[in-house]
Amino acid sequence: MSARTIGIIGGGQLGRMLAMAAARLNHRTIILEPQADCPASQVANAQIVAAYDDPQALAELARRCDVVTYEFENVPVAAAQALAESVRVYPPPRALEVSQDRLVEKRFIRDCGIATADFAAVDDQTGLEAALDRFDGVGVLKTRRLGYDGKGQRLFRLPTESRHGAFAALGGVPLILESLVPFEREISIIAARDGEGTIACYDPAENVHRDGILHSSTLPAGIGEATADEARKAARAILDRLDYVGVIGVEFFVLPGGGLVVNEIAPRVHNSGHWTEAACVVSQFEQHIRAVAGHPLGDPRRHSDCVMQNLVGDDIDDVPDWLSRPGVLVHLYGKTEARPGRKMGHITRILA
Ligand code: AMP
């Protein structure tokens, strides 16, 4: 039986777009988010204003909802596990555990038989020196937890670069050093799995980042069919291994020759899947709602080529121009203040 009321942990733009998709299928949504009047609560039925791990708020969410999902991967795992004792929680909390720690994530991806960058755990400055020596002095140093949009990272591009104080500079927290992947392009795939194990994959998107933030996703990606198939195969392996229900985003580096290396996974709807609302009959947001609410998955086929572009900070000033152009879908997130680096909305341009 399908769920009536869907709880969403997290009140950002992804929660907002999930709530809008849910409403179209007659589901009610309740947002758990400490910030009042957040982007999601503006379009949802109700908000519980409390911390993500507030026991009373979680109990209330479980009581009022038929199923609970989340819109960001840093939901406290203990909170998701506690919730799962009294209400269905999709995607499974194990997906949070895997994606919250880059070291656990890399090991998990390798266990699925999928390539990742070489990596080494780094727990202090001595460990960093040893790891850099192993990688000939070049690599990307990242915090294991809580990094996003390129934050909490340091690039060692040349073996001559100073390593002095590099461990402390990232906050003295557990790190991971990754080998520098000589990629030709970056792609991602958005895929969904329902409670019966049926999987639907959207076409891979080609992504361009600026200042560590996604700038654009272009469809089709400039890759061959064999590479696209490999991306779908990897997404399927990850979904099955997690006994996953919902939408997942998997980001890849494409090597010269077309081979793939997984960079990271996001157990939620993903920025590089926003194009689906303009170029597919069923968007990633509706697909996620369908999966977690117990409906059949929608058709993921793309009916048009397109480019999705994020509106970051002052890009919001271009909205009047975008609105005056044909074939452009504008989507804004209800944020009043445009700070540098803040995602304010996105547009998708239909190409053909
Ligand atoms: P992440 O936060 O892991 O998604 O990294 C942000 C961006 O940094 C990626 O989209 C890549 O452009 C770049 N990057 C991250 N890790 C690596 C790597 N191991 N090798 C080369 N480039 C990387």
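Above this text you will find the structure in question.
Read on for an overview of the structure.

Rules used in this analysis
- Residues numbered from 1 in each chain as written.
- Predicted model: local features only at pLDDT ≥ 70, side-chain atom pairs only at ≥ 80, totals over all residues.
- Heavy atoms only, no water.
- Phe/Tyr/Trp six-rings, centres within 6.5 Å; stacked < 30°, edge-to-face > 60°.
- Helix = DSSP H or I, 4+ residues; strand = E, 2+ residues; numbered from the N terminus.
- Buried < 20%, exposed > 50% of the residue type's maximum accessible area, 1.4 Å probe, protein only.
- Lys NZ or Arg CZ within 6 Å of the ring centre and 35° of its normal.
- Core = buried A, V, L, I, M, F, W, Y, C linked by side-chain atoms within 4.5 Å.
- Contact = heavy atoms within 4.5 Å.
- Axes fitted to C-alpha atoms, helices over the stretch in contact; angles between N-to-C directions.
- Parallel < 35°, antiparallel > 145°, perpendicular 65-115°, else oblique.
- Nonpolar A, V, L, I, M, F, W, Y, C, P; charged D, E, K, R; others polar.

Let's shift gears to the packing of aromatic side chains. By convention here, two paired aromatic rings are described through the distance between centres and the angle between planes. Inspection of the entire model under this criterion finds 3 aromatic pairs. A centroid spacing of 6.1 Å and a plane angle of 85° characterise the contact between Y202 and W275, whose relative ring orientation is edge-to-face. Here W275 lies in the loop between β15 (260–266) and α9 (276–279) and Y202 lies in the loop between β11 (199–201) and β12 (205–210), a separation of 73 residues in the sequence. We note that Y202, like W275, is buried. Taking the ring centre of F156 as reference, the NZ or CZ of R154 above it sits at 4.3 Å. Against the face of W322 rests R325, its NZ or CZ located 4.5 Å from the ring centre.

Turning next to the nonpolar core. With 48 residues, the main nonpolar core has I9, L61, L83, I238, V250 and F252 as its most contacted residues. Sorting elements by how many residues they give to this core places helix α8 (residues 225–241) first, with 5 residues. In this structure, F252 is in contact with R185, E186, I187, S188, I189, A231, A234, L260, V261, V262 and N263, ignoring residues within four places of it in sequence.

With that out of the way, let us pick up the packing of helix α4 (residues 93–100) against helix α5 (residues 102–111). It is the contact of α4 with α5, at a shortest axis distance of 5 Å, that shows an interaxial angle of 110°. On the basis of the axis angle, α4 is roughly perpendicular to α5. Contacts between α4 and α5 involve R94, E97, V98, S99 and Q100 from the former and R102, V104, E105 and F108 from the latter. A per-class count over the contact of α4 with α5 returns 3 nonpolar, 2 polar and 4 charged.

Let's shift gears to unusual backbone geometry. With an omega of -10°, the peptide bond between Y90 and P91 qualifies as cis. In this fold, P91 is placed in the loop between β5 (88–89) and α4. Here the phi dihedral of D243 falls at roughly 45°; this positive angle occurs in a residue that is not glycine. Counting through the fold element by element, D243 comes out in the loop between α8 and β14 (246–254). In this structure D243 comes out as exposed when scored by relative accessible area, which is 53%.

The values are spatial; any link to function lies outside them.
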